[in-house]
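Summary of the model geometry
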Amino acid sequence: MMNSKTITIIATAMMVAAGCARTDLTDAIGVDVTADENREYSYTDKKAGYWYGTTHQETTEWWSGWNMAKKRILADYALGTISDGKAERLNRRDVTGCIVYPDRLERTWKGTQETFRLLDNVPVVHIGLKTSADSVFCIPDMQHIAAAEMTAEGLFLTPYEARDMRILLTTASGSAPSAYEAGIKAGSDSEGFILTYGTPEECISLAEMFRKESGRLIAERKARINSLITEYNPIRSNLPELDRSLNWITVTMDELITEQQGKGIYAGLPWFNEYWGRDMFISMPGACLVTGQFDVAKQILKDFATLQDTDPSSETYGRIPNRANLEGILYNTTDGTPRFVAQALELAEYSGDTDFLKDIYPAIKTSIEASIANYTDSKGYLTHADADTWMDVKRNGIPGSPRGDRANDIQALWHDQLTAGSRIASIMGDEESAKKWEAAAQKLAENFENDFCCKEGSYIYDHLNSDGTPDLQFRPNQLYCFDLVKDEEFKQRVTRRSWEELVYPWGVASLAQWDKQFHPQHENWHYYHKDDAYHNGTIWLWNNGMAMQRMIEYGQKEAAWELFKNMNRQALHEGAVGSLSENADAHPREGKDWVKRSGTFLQAWSNAEHLRVWYQYFLGIRPDLLNGRIVIDPHIPSEITCLEASVKVGNGTLDYRYADGKVRVSLKDCDAELVVSDPAAQQSFPILDGVSFCMPDPLDSYPCFATYHEPALTY
């Protein structure tokens, strides 16, 4: 017989299990949006199509609407009802309710509800309608349409950018549509409308397929999205806002994992719907590894390996592409290739699988050997052009933030490439290469601290110029170089100085505000072109991940947590629903106490780095299955008093529980040693005591404000 204490424990366990395995979490985390907020939203079909819109806006931006394989095919549509012969257009500003869910958007007017969704792996847009009206109509925005033809099947549209293809606007139920103004109308039993894309025959076939299988298609998409946050990455804590934001960021991160040109990760929406090697491999840990999508990561690595520059006479021989899109391939970056190699090893550490390495090892070996032979100097540094780092913008052919020819973060990545490559070579049985690459890594490390570290100034030079002189600008790239520096006290001082001079409450600036080249806002067109500010002051949210990581490593989890919370607030309450933006201003506009977001509104590496630092550093979960262990080194902020989570590791699942200041973990279906640190026994670092955010403190004048342009500059 169970006593009352036993019953209480069992009931609590059942509540915990229910919290981490809810089958309807996509419904539970919907975000209500008001007309005044008018937020962006996005959905992809996980192949080559996406829709990007705003919840209440009637007019469109140039990037709005349906995009298929990098072609803008439809800007928008308008809906309306007809009752007793009276037509009424459904104005989005007049909705009585608008909720954005991970799998759909719902707008409600008096008597009518719209449900908008995309489907997985098929070019179909579903605009479901429930109404008390007699009939409904749908009118497409024609700004991207070259021609329209009404047929028995519905309205065929020919996009300007894809004239050999068609869009079919027809009814969801299959009831007969009729022409109405520039669109179609149907009875209220039509269940709304669908848009399909392809050849005319494919459009008709897709419409027929949807009508027969819509229930399954809708349910499968919802179940897939739901599994990301109930099976692969469930979380439940005492902070509902934390749970919801992580769920949303996980979902929007996943929508960028597509199959447009092989498997890959879009760099961002609404205009970077293509694969950037640098962005992709920065994003991979947060997008695929901490989320347990190891097979996806393997396929991305394999697909990108086939795109390597294998021409020995090429200036970019050995590189993995910086950008791969349907128009061509560019190799104009140094950092994508080292990250490709490093991610191959990290994937093996997470999955415990090394078989996939056989497929990509030739690409790994070529990449390292080509760099050693062609692109390294006498000290072992990897050389590169001015704009061949992540700070890559050029305007009129001139780099906006030249970092040639030996940037500090490139040296750190080159070191990662050599050490990861050496480890992989050993796994492949290529001991000769393993020893050679390890020796090259040691040579690089032996020189770096002496050449790059300004001990008296507590910073790491951003880069060495081609003449060997150091660049003195203060940038966040130094935070990526700590594996090349042995002096622990110096690294702590660099961390503090970087936080207090670059890390605002809204993110990490690309240049210190005391620098004359600093641009306080990203877009200030009356004074300068936005590209001049892009890497010269503008906030880049992806750098938040490393900034928080360094703070956590040096005992400053509470300071890191404040930045983390601010990003969670953005995802839930600002900008694109559930997403983190690419950029933000460094200084607020006049009269504002917070900054304006900019760049892409859903950026892969911003989302991914947020997820990575949560799992690897706040929760402290770092698998190393190649050595048969999983290290758990938690740094749980004081605001979190209880938490349950689970993550996929290898072929199994790691269950994680935190309560009463203690972490308890268990492992299912995976053979590994669990090495758990005691949160109460963590080291203190007095050098960082009292550290604070950087706050706007502009100079009296900046050269960027020397000239006022009227009218404002344009692209």
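The preceding data block contains the structure.
In this report, the structure presented in the accompanying data block is examined. (Residues numbered from 1 in each chain as written. Predicted model: local features only at pLDDT ≥ 70, side-chain atom pairs only at ≥ 80, totals over all residues. Heavy atoms only, no water.)

On to helix 9 (residues 408–427), then. What sets the pattern is the α-helix's 3.6 residues per turn: residues three or four places apart point alike. A rise of 1.5 Å per residue sets the reference length of helix 9, with its 20 residues, at 28 Å; its end C-alpha atoms lie 29 Å apart and thus fit the reference within 8%. Helix 9 sits mainly inside the fold: 15 of its 20 residues count as buried. Backbone geometry just after helix 9 places Gly429 at a positive phi near 80°. (Helix = DSSP H or I, 4+ residues; strand = E, 2+ residues; numbered from the N terminus. Expected span 1.5 Å × (residues − 1). Buried < 20%, exposed > 50% of the residue type's maximum accessible area, 1.4 Å probe, protein only.)

Extensive coverage of strand 3 (residues 49–54) is indicated by the burial of 6 of its 6 residues. Burial along strand 3 is two-sided: the residues Gly49, Trp51 and Gly53 and Tyr50, Tyr52 and Thr54 are all buried. With 5 bridges connecting them, strand 2 (residues 40–44) and strand 3 associate as antiparallel partners. Across the sheet, residue Glu40 finds its bridge partner in strand 3, namely Thr54. From the end of strand 2 to the start of strand 3, which pair antiparallel, there are 4 residues, and Lys46 there has a positive phi angle of about 70°. (Pairing = 2+ DSSP bridges.)

This next bit is on the environment of Arg107. One can find Arg107 in strand 9 (residues 105–109). For the pair Arg107 and Leu472, spaced 365 residues apart in the sequence, the C-alpha separation amounts to 53 Å. What Arg107 contacts, discounting residues up to four positions off in sequence, is Tyr41, Thr54, Thr55, Tyr77, Arg92, Val95, Gly97, Cys98, Thr112, Gln113 and Glu114. Side-chain polar atoms of Arg107 contact the backbone oxygen of Thr54, separated by 3.4 Å. One polar contact links the side chain of Arg107 to the main-chain carbonyl oxygen of Thr55, over a distance of 2.8 Å. (Contact = heavy atoms within 4.5 Å. Polar contact = N/O pair within 3.5 Å; in protein donor to acceptor, adjacent residues only side chain to side chain.)

Turning to the environment of Glu202, a few remarks are in order. Among the secondary structure elements, Glu202 is positioned in helix 3 (residues 200–232). What makes Glu202 partly exposed here is its relative accessible area of 40%. Sequence-wise, Glu202 and Lys443 are 241 residues apart; in three dimensions their C-alpha atoms are separated by 59 Å. Here the side chain of Glu202 touches Thr199 through a polar contact of 2.9 Å, landing on its backbone nitrogen.

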